[in-house]
Amino acid sequence: MSEELENILFQLTQPDNAAIQKATAQLKQAFKDPAIIPGLCAVMTGSQNPQIRQSAAVMLRMRVKKHWKKISPDHRESLKAVVLQAFRQETEHVVRHSLSQLSAVMVKHETPDRWPALLTLLNESTKSNNPQDRQVGLLLLSKVVDSNPEAFKPHYKQLLQLFGNVLQDVTNPTASFYCILTLTAITAYTGTEEMNLMRSLIPRLIIALKHLIQADQNQAAEAMEVFDELLESEVSILVPHIAEVVCFCLEVSSDVALSDSLRVKALSCIALVIRLKSKAVLKQNLLAPILQVVFPIMSATPPPGEEDPEDEENSDGNNDSESPKHFATQVIDTMALHMPPEKLFKQLMPLTQACLASENPYERKGGLLCLAVLAEGCADHIRTKMLSSVLQTVCRSLSDSNQVVRSAGLFALGQFSEHLQPEVSKYHTELMPLLLGYMSSLNEAKIGHVTKAFYALENFLENLDDDIESYLPTLMETMLSALHNTDNLKLKELAVSAIGAIANAAKEMLVPYFPPIIESLKGFLTDIQEEMRPLQTQALDTLSVLARTIGKDVFSPLAAECVQLGLNLTDAVDDPDLRRCTYSLFSAVSTVSPESLSPHLTGITTLMLMSLKSTEGVTAHVEEDKQFVLLDDEDDDEEEDSVLEEDGENEVENVSGFSVENAYIDEKEDACDALGEIAFSTGAAFQPFLESSFEQVYELRDFPHEDVRKAAYGAMGQFCRAQHKVWQENPTEANHKALHNLLEVVLPCFLEVVKQEHERQVVMGVLEAMNAIIKSCQGEALHTPGRLAEISHAIRDVLKKKTVCQDGGGDEADDDEQQAEYDAMLQEFAGEGIPILASAVPAESFYTHLNDLLPFIMNKAKPSCTVADRSFSVGTLAETLHSLVSVAGGRAVAGRLSNRLLPVLVAGVKDSDAEVRNNSVYGLGVLAQAAGPIVSTDYPMMLSLFSNLLSKESDRRVIDNLCAALCRMIMSHTEGVPLEQVLPALLDRLPLQEDMEENKTIYSCLAFLYSHNPALIITHMKPILSAVTHVLGSKDIDADTQNTLVVLLRDIGQRYPQEFESAVMSLPVERRTKISAAAVAQS
């Protein structure tokens, strides 16, 4: 048979399609003969043609991989012997490579202890005095260990000793390469007993990599994965050698003679060290050396005649290029997200300022890029300490003589607008004219540059709110003109996107422009030509924004049509981006008009669940010889089922990794978000789909991409809230049981994620989802014995930085008061859970946990803490006291806490930052409200403090909260407040100007005083009516407060007509009619 097989394999290598097809058919036939294994073995060892020997090895590998259990024991044993014999005698590298891959597949089935001859061969060859034999042995070792690392665990110590010797031999870099691949494969499986041995290898590993770089840069880039593996799974091995690893990576990064891929690998390794071990980087003084290397890369001038990818004319702004420059910027971005801003900026700003002042445009661009990527991670630091100066820098760059610099300035402005809110929007009078200037020359400008101008404009507009009004006519004229007059689809897409941003700010102000916008969007959505795809995706996105912002009355009549448009598109076009945006549209429509969605829920949920299940866009990296894939289906049909059952667990064999296309990740993420929101909005109508949706979303909790995990947890939270709403509307036993079944799965899952998840963003998402569940479900969520304690402990662990994503249990001493802003943000999400828990259970049940948590919150109020921390601390204390106002036993607990909390809040009232003062004033007010007469002895001190503050405070929000705090004190313990002095001072500060929510407190207090002491109110009738006319009938008060005021006015008008009339007549004419109308309306 071997001759016949050799002939068939020879035919397969010929450049003749007919011969290949004939040989393929013959080979399929031959595979049905049980003698195929010995036949191929004979060819593999006996053929004179290396290509045929290699083909035979590949055929055997495919046979073994799919049908090992069907191969007879005799054939298995002879195969084990023949493979090793072939390996010993083979001289060609490509054949050896295929033989080692065949051995690797066999090791999956025949573990090393059942194949002693393999261990013997490995032992002999890797220790051979002949360098060539050693290299070949290490090739085999790398393949077999990589295929089944755990099976070699008993041999790890021996292997590590071998690696120590191999890495020292710098004359054989290829041997080192195979050795490092093997080390990478076993890293995740090593235990404590191997740690010291592995640690001792690091210096040798670095030297070996330096020699490998000289020999083969591609192999070196692959071998450097070992650092990623060590950092991700056994970081403690690297900690003592962090400085050496970083210095080596800096050396590689800065060497412009090396390949881009190698330099990128080194830079991404530095970023990973910063992400996982930022404290060690700071402690070992590595920040300065990293910056000294990264800055020149980031601001390098491209080779003559070339441009950076993002500056090329056809650039659409989404350039995640694999260039050293891009990754150098990523290193700064990672620093911003993982280091305390105070420490980072001290060393970073001198370098940035030098770049910005440079004559070289690419250095100016580098400085702007640096500022841009700092905005997300160091937002608070920039907002509170340097916003004006960095905005001036960016404004100057927008009129730079060089377009490369102007583009970078637009990118920086877009980043600032996204991350430095709300302060950045206050500069609209300076920034909007610059941006509108860019818009006026749309048709002449290069589209790449226009894209960046739109990016900056959109991000800036989105948060303008009412301030957009004066710019609206110019903006809409520009955008509608772009929709109607240009043939450029990219420009239309940008204009459609900008309309979405305008809608977010303008809301109902956009109504006059709604008809032409909708006409254009409908036109785009019914055209199914391929080139329309990006424009359609954007049109769906903008339609979703309009659904949420334009107002229910305006959008509802279109809701059903929009749902149909979305369904038609997903039917006609198979595109993940389009599906994703359709899901967002369905989700938005569900919030405005759930009834339009309900009839289509079967189709919509089926579509979304298919997106969640789909493995489309997931690519397995299989080391397969592509020319033989056509033989993969050589099974007889009737055997198929049994084969699948038997070998089902080996589905993912030989896969060296997975990658998922971004569009499919986004589709899964948006499908989760949409399912959660639709479930909540449609309530009972969603019930038939809740279980299947939950099961599918729950499956994604271990998905490799963190954005999908985060979205899945968010949806799980929404499903709990949806079920709670259904139970409240229809309180049957079945609905109640369904709610508890969900909570019993979701909350333990969330608590585990908080402890064990590596990604901070995911943990923040879970804490947010858990807070939302408890806020909605209240005591129902805490029904299970011990649940309240578990959640309190999870919050405590985050506040103590003991979770995995906080590098918990690390070996560096923690400098408590300086941390990255994102780490502080994570603690804020945890802290927000405290007042939510306090409002969900009787105060006594939570008291011991609250006592346990308060020190961690109060600790952040110290003057040495950041403004964000101080604000968070007093804000959390205030909200917790506010929660105690309305729960059973709250007054007693608030009274018990008052002595501890008063000093913190009083100090906060004297803080230099307005937000801290504001939160502290609010806190004192709710303390008085919660504790009542228990704190009456503290009233004189509090009133004196407020009186002092009132005389010098200039921040309107603080003044508004001060008025509300005085009102809370009055309603809580009237006798403790000298009303003759306090009331006129209070009325003097009305109407409120910033914190309109407190109107409820103010006017409830005036109504309360009127019912207890009408004479006092009548004495101050004029200022009261003057204040009331500012809010009556406006959106500054809610319906209840409006009602309270109308009843109050009517009663005063009836009981004290003369005083009332006199006060009304003292008002300006237009405000008189407001009062009269209100008084008459109810009489």
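If you're wondering where the values come from, they're calculated on a predicted model, not measured in any experiment.

Caption draft 1: A look at the overall build of the chain. Within the chain, the regular secondary structure consists of 55 helices and two strands. Rg of the C-alpha trace for the chain: 35 Å, near the compact-globule value of 31 Å for 1083 residues, within the 12% margin. For the chain, the spread of C-alpha atoms along the three principal axes comes to 120 × 75 × 60 Å. Sorting the 1083 residues of the chain into buried and exposed places 56% on the buried side. A separation of at least 24 residues holds for 75% of the contacts in the chain among residues at least 6 apart in sequence. Accessible surface computed for the chain: about 45000 Å², of which carbon and sulfur atoms make up 50%.

Caption draft 2: Expanded view of the packing of helix α5 (residues 73-89) against helix α6 (residues 93-109). One can describe the packing of α5 onto α6 by two numbers: an axis separation of 10 Å at closest approach and a directional angle of 155 degrees. Classified by the angle between their axes, α5 and α6 sit roughly antiparallel to one another. The interaxial crossing formed by α5 with α6 has left-handed handedness. Residue-level inspection shows Leu79, Lys80, Val83, Ala86 and Phe87 of α5 in contact with α6, the latter providing Arg96, Leu99, Ser100, Leu102, Ser103 and Met106. Taken together, the residues of the contact of α5 with α6 sort by class into seven nonpolar, two polar and two charged.

Caption draft 3: Geometry of the packing of aromatic side chains. Inspection of every chain in the model, using the stated rule, returns ten aromatic pairs. Measuring from ring centre to ring centre gives 6.0 Å for Tyr713 and Phe750, while their planes differ by 85 degrees; the resulting arrangement is edge-to-face. With Tyr713 in helix α37 (residues 706-729) and Phe750 in helix α38 (residues 733-756), this residue pair connects regions lying 37 residues apart in the sequence. For the pair Tyr713 and Phe750, one class covers both residues: buried. We note Arg896 situated over the ring of Tyr847; from NZ or CZ to the ring centre the distance is 4.5 Å.

Caption draft 4: Broad picture of the packing of helix α1 (residues 2-12) against helix α2 (residues 17-30). The interhelical angle for the contact between α1 and α2, taken along N-to-C directions, is 145 degrees, at an axis separation of 8 Å. When the axes of α1 and α2 are compared, the crossing they make is left-handed. For the pair α1 and α2, contact is made by Leu5, Ile8, Leu9, Gln11 and Leu12 and by Ala19, Ile20, Ala23, Thr24, Gln26, Leu27 and Ala30, respectively. A per-class count over the contact of α1 with α2 returns nine nonpolar, three polar and no charged.

Caption draft 5: How the structure looks around empty space enclosed by the protein. All told, the structure shown has three cavities of 30 Å³ or more when counted by the stated rule. Of all the secondary-structure elements, those providing two or more residues to the lining of the largest cavity are α28 (514-525) and α30 (552-572). Broken down by class, the residue content of the lining of the largest cavity amounts to seven nonpolar, no polar and two charged.

Caption draft 6: The arrangement of the confidence of the model for the chain in detail. Taken residue by residue, the chain gives an average pLDDT of 88. The fraction at 70 or more is 93%. pLDDT under 50 marks residues 620-658. Its contacts with residues more than four places away, or in other chains, come to 69 contacts. Below a pLDDT of 50 lies the segment residues 809-813, which in the model reaches nine contacts outside its immediate sequence neighbourhood of four places, other chains included.

Caption draft 7: Seen up close, a negative patch on the surface. The grouping of Asp465, Asp466, Asp467 and Glu469 at the surface amounts to a negative patch. One can find Asp465 in the loop between α25 (447-461) and α26 (472-485). Overall, the relative accessible area of 40% leaves Asp465 in the partly exposed class.

Caption draft 8: Seen up close, the side chain of Lys492. Summarising the element assignment, Lys492 is placed in helix α27 (residues 489-506). In this structure, Lys492 is buried with no salt-bridge partner, the nearest side chain bearing the opposite charge being Asp487 at 5.7 Å.

Caption draft 9: Looking closely at the nonpolar core. The biggest cluster of nonpolar side chains holds 370 residues, and the ones touching the most others in it are Ile290 and Ile332. A total of eleven residues in this core trace back to one element, the largest contributor, which is helix α16 (residues 260-283). Ignoring sequence-local partners within four residues, the contact set of Ile290 consists of Val246, Leu250, Ile270, Ile274, Val281, Val331 and Met335.

Caption draft 10: Looking closely at α27. In this model α27 runs 25 Å from its N-terminal to its C-terminal C-alpha over 18 residues, within 8% of the 26 Å that 1.5 Å per residue would give. Judged by how many residues are buried, α27 sits mostly within the fold: 15 of 18 residues are covered. Sitting at the amino-terminal end of α27 is Asn488, which places a side-chain oxygen 2.9 Å from the backbone nitrogen of Lys490. Looking one or two residues past α27, Lys507 carries a phi angle of roughly 50 degrees, positive in sign.

Caption draft 11: Quick look at the pattern of salt bridges. Evaluation of the coordinates by the stated rule reveals 41 salt bridges. We note a salt bridge from Glu744 to Arg787, for which the minimum N-O separation is 3.2 Å. Of the two residues, Glu744 sits in helix α38 while Arg787 sits in helix α40 (residues 787-799), which places them 43 residues apart along the sequence. For Arg787, a relative accessible area of 5% gives the class buried. Measuring nitrogen to oxygen at the nearest pair gives 3.0 Å for the salt bridge that ties Arg760 to Asp823. Taken together, the residues Arg760 in helix α39 (residues 760-777) and Asp823 in helix α41 (residues 821-831) connect sequence positions 63 residues apart. With a relative accessible area of 7%, Arg760 lands in the buried category. One continuous salt-bridge network, built from bridges that share partners, spans Glu77, Lys80, Glu110 and Arg114.

Caption draft 12: Spotlight on helix α17 (residues 287-298). In this model α17 runs 16 Å from its N-terminal to its C-terminal C-alpha over twelve residues, within 8% of the 16 Å that 1.5 Å per residue would give. On the buried face of α17, the contacting elements are α15 (242-254), α16, α18 (324-338), α19 (341-356) and α20 (361-377).

Caption draft 13: Quick peek at unusual backbone geometry. Here Gln421 and Pro422 are connected by a cis peptide whose omega angle stands at 0 degrees. For Pro422, the position within the fold is in the loop between α23 (403-419) and α24 (428-440). The amide bond that connects Leu990 to the next residue, Pro991, takes the cis arrangement and shows omega of 0 degrees. Within the secondary structure layout, Pro991 lies in the loop between α49 (979-988) and α50 (999-1012).

Caption draft 14: Quick look at the environment of Lys1022. Looking at the element boundaries, Lys1022 is found in helix α52 (residues 1021-1031). The spatial distance from the C-alpha of Lys1022 to the C-alpha of Ser1066 is 7.3 Å, given a sequence separation of 44 residues. Lys1022 has contacts with Ser1062, Ala1063 and Ser1066, leaving out every residue within four places of it along the chain.

Caption draft 15: Spotlight on the environment of Val887. As for its placement among the helices and strands, Val887 is situated in the loop between α44 (867-885) and α45 (890-909). It is 45 Å that separates the C-alpha atoms of Val887 and Pro1068, two residues lying 181 residues apart in sequence. Contact partners of Val887, with chain neighbours within four places excluded, come to Ala838, Ser839, Val841 and Ala843.

Caption draft 16: Highlighting the side chain of Ser407. Following the sequence through the fold, Ser407 ends up in helix α23. Apart from residues lying up to four places away in sequence, Ser407 is in contact with Asp311, His449 and Lys452.

Caption draft 17: Main features of the state of the cysteines. Under the definition given, this model contains zero disulfides. Its sulfur unpaired, Cys370 is 7.8 Å from the next cysteine sulfur, which belongs to Cys355. According to the relative accessible area criterion, Cys370 is buried, its value standing at 0%. Here Cys963 is not cross-linked by a disulfide; its sulfur's nearest cysteine counterpart is in Cys967, at 7.1 Å. Among the residues examined, Cys963 registers a relative accessible area of 2% and is labelled buried.

Analysis parameters
- Residues numbered from 1 in each chain as written.
- Predicted model: local features only at pLDDT ≥ 70, side-chain atom pairs only at ≥ 80, totals over all residues.
- Heavy atoms only, no water.
- Helix = DSSP H or I, 4+ residues; strand = E, 2+ residues; numbered from the N terminus.
- Rg over C-alpha atoms; globule rule 2.2 N^0.38 Å.
- Buried < 20%, exposed > 50% of the residue type's maximum accessible area, 1.4 Å probe, protein only.
- Contact = heavy atoms within 4.5 Å.
- Areas by Shrake-Rupley, 256 points an atom, 1.4 Å probe, with all protein chains shown as cover.
- Axes fitted to C-alpha atoms, helices over the stretch in contact; angles between N-to-C directions.
- Parallel < 35°, antiparallel > 145°, perpendicular 65-115°, else oblique.
- Left-handed = near helix turned anticlockwise from the far one by under 90°.
- Nonpolar A, V, L, I, M, F, W, Y, C, P; charged D, E, K, R; others polar.
- Phe/Tyr/Trp six-rings, centres within 6.5 Å; stacked < 30°, edge-to-face > 60°.
- Lys NZ or Arg CZ within 6 Å of the ring centre and 35° of its normal.
- 1 Å grid on protein atoms, 1.4 Å probe; cavity = no way out; pocket = protein on both sides within 12 Å on 5 of 7 lines; lining within 4 Å.
- Points joined across faces, edges and corners; volume = space filled by probe spheres on them.
- pLDDT = per-residue confidence, 0-100.
- Patch = residues over 30% accessible without salt bridge, like charges linked within 9 Å, V, L, I, M, F, W, Y side chains within 5 Å.
- Salt bridge = Lys/Arg side-chain N within 4 Å of Asp/Glu carboxyl O.
- Lys, Arg positive; Asp, Glu negative; His and termini not counted.
- Charge placed at Lys NZ, Arg CZ, Asp CG, Glu CD.
- Core = buried A, V, L, I, M, F, W, Y, C linked by side-chain atoms within 4.5 Å.
- Expected span 1.5 Å × (residues − 1).
- Polar contact = N/O pair within 3.5 Å; in protein donor to acceptor, adjacent residues only side chain to side chain.
- Disulfide = S-S within 2.5 Å.

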